[in-house]
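Here is how the chains run, residue by residue.
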Amino acid sequence: MFVQVIRGRVADPEAVREAFERWVRELSPGADGWLGSTGGVTADGRLVVLARFASAEAAQANSRRPEQDRWWQDTAALVSEPTFHDSADVRGYLATGSDKAGFVQVITGQTTDPDKMMDSVVRLSASLHAFRPDLIGGTVALHHDGTFTEAVYFTSVEQARAGEQRQLPPELQGALDRAEELTSMLSYHDLTDPWLLSPPR
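Okay, so let's go over this structure. Worth saying up front: this structure is predicted, and the values here are computed from it rather than measured.

1. Brief notes about the sheet that holds strand β10 (residues 195–197)
Point 1. If you trace the five strands from one edge of the open sheet to the other, you get β4-β1-β3-β2-β10, paired in antiparallel fashion. The sheet is open, and its two borders are formed by β4 (79–87) and β10, each paired with just one other strand. With strand direction ignored, the average angle separating the axes of adjacent strands in the sheet is 15°.
Point 2. In terms of strand pairing, strand β2 (residues 34–41) meets β10 through three bridges, oriented antiparallel. From the neighbouring strand, Ser37 faces β10, where its bridge partner is Leu197.

Here it is in structure tokens:
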């Protein structure tokens, strides 16, 4: 899998959401290899979108389409200082993700040891799920510069907030603390009204 992460700032979230939904309606039928996208805008106007493709070649072919360029030129007018981060190293845990998620938290950060970080995340999530049934799963895109983007899918924001208040057993809390030691420069993006976009059926 290949993931392209788009980030920026927006003043009109609904206009940007409509632009991405229009892309699904009008352009996605011609985007071979597009698997779906997760995105949204935080309460303070930060846009984040993870577009998933079957391969880097499929993503590049989509980018070369004239209609894609026209769509982005229109959409870019709604986004301040957009940035793009690509990843061909995409990994998941638990159920990975779900279009039925009611809340998605996107975490960005850095790691000096991606493999060790992912090993900790996978093992930790398996143990954590018994205490956090609100956790559906997650997708992690590892970027070539040592940064990563992780989308964590939850059943709802209310259940996720309640789960955060639960006290974990000492051994599980210790494992969580050790996993966090493998990361730095963390930033959290709460998508309380996530855009969960899939190819039309």
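Back to the text.
2. What to know about the sheet that holds strand β5 (residues 89–94)
Point 1. As summarised here, the arrangement of the five strands in space is β5-β7-β8-β6-β9, forming an open sheet in which the pairing is antiparallel. The sheet is open, and its two edges are formed by β5 and β9 (183–191), each paired on a single side. Between one strand axis and the next, the sheet turns by 15° as a mean value, whatever way the strands run.
Point 2. As judged from the eight bridges shared by strand β6 (residues 103–111) and strand β8 (residues 147–154), these two strands associate in the antiparallel manner.

3. With respect to the environment of Tyr93
Point 1. When you line up the elements, Tyr93 lands in strand β5.
Point 2. Between the C-alpha atoms of Tyr93 and Val152, which are 59 residues apart in sequence, the distance is 9.5 Å.
Point 3. Once you skip the residues sitting within four places of it in the chain, Tyr93 turns out to touch Val121, Val122, Ser125, Gly137, Gly138, Thr139, Val140, Glu150 and Val152.

4. A few points about the side chain of Ser87
Point 1. By secondary structure assignment, the location of Ser87 is in strand β4.
Point 2. The buried category is assigned to Ser87, whose relative accessible area is 1%.
Point 3. There is a polar contact of 2.7 Å between the side chain of Ser87 and the backbone oxygen of Leu142.
Point 4. With residues up to four places along the chain from it excluded, the contact list for Ser87 reads Met1, Phe2, Val3, Ala141, Leu142 and His143.

5. A few points about the nonpolar core
Point 1. Counting 24 residues, the largest nonpolar core has Phe20, Trp23, Trp34, Leu47, Phe53, Trp71 and Trp195 as its most contacted members.
Point 2. Counting residues per element, the ones that place at least two in this core are β1 (2–10), α1 (13–27), β2, β3 (46–53), α2 (56–63), α3 (66–76) and β10.
Point 3. In terms of residues, this core owes the most to one element, α1, which gives six residues.
Point 4. Sequence-distant contacts of Phe53, that is, excluding residues within four places in its chain, are made with Met1, Phe2, Gly33, Trp34, Leu35, Ala58, Ala59 and Asn62.
Point 5. Membership of the second largest hydrophobic core comes to 20 residues, among which are Tyr93, Ile107, Val121 and Leu172.

6. Observations concerning the packing of helix α4 (residues 114–128) against helix α6 (residues 170–180)
Point 1. Where α4 meets α6, the axes come as close as 10 Å, and the angle between the chain directions of the two elements is 155°. Comparing the axis directions of α4 and α6 gives the class roughly antiparallel. Crossing angle aside, the handedness with which α4 passes α6 is left-handed. Every residue of α6 that contacts α4 at Ser120, Leu124, Ser127 and Leu128 is listed here: Leu172, Ala175, Leu176 and Ala179.

7. Description of the pattern of salt bridges
Point 1. All chains considered together, the criterion is met by twelve salt bridges.
Point 2. In this structure, Asp134 and Arg132 form a salt bridge, with 2.7 Å as the shortest nitrogen-oxygen distance. Of the two residues examined, Asp134 and Arg132, each falls in the buried class.
Point 3. Each of the salt bridges in this network shares a partner with another, and the network as a whole consists of Arg17, Glu21 and Asp193.

Thresholds, definitions, all that
Residues numbered from 1 in each chain as written. Predicted model: local features only at pLDDT ≥ 70, side-chain atom pairs only at ≥ 80, totals over all residues. Heavy atoms only, no water. Pairing = 2+ DSSP bridges. Helix = DSSP H or I, 4+ residues; strand = E, 2+ residues; numbered from the N terminus. Axes fitted to C-alpha atoms, helices over the stretch in contact; angles between N-to-C directions. Contact = heavy atoms within 4.5 Å. Buried < 20%, exposed > 50% of the residue type's maximum accessible area, 1.4 Å probe, protein only. Polar contact = N/O pair within 3.5 Å; in protein donor to acceptor, adjacent residues only side chain to side chain. Core = buried A, V, L, I, M, F, W, Y, C linked by side-chain atoms within 4.5 Å. Parallel < 35°, antiparallel > 145°, perpendicular 65-115°, else oblique. Left-handed = near helix turned anticlockwise from the far one by under 90°. Salt bridge = Lys/Arg side-chain N within 4 Å of Asp/Glu carboxyl O.

Keep in mind these numbers describe shape, not what the thing actually does.
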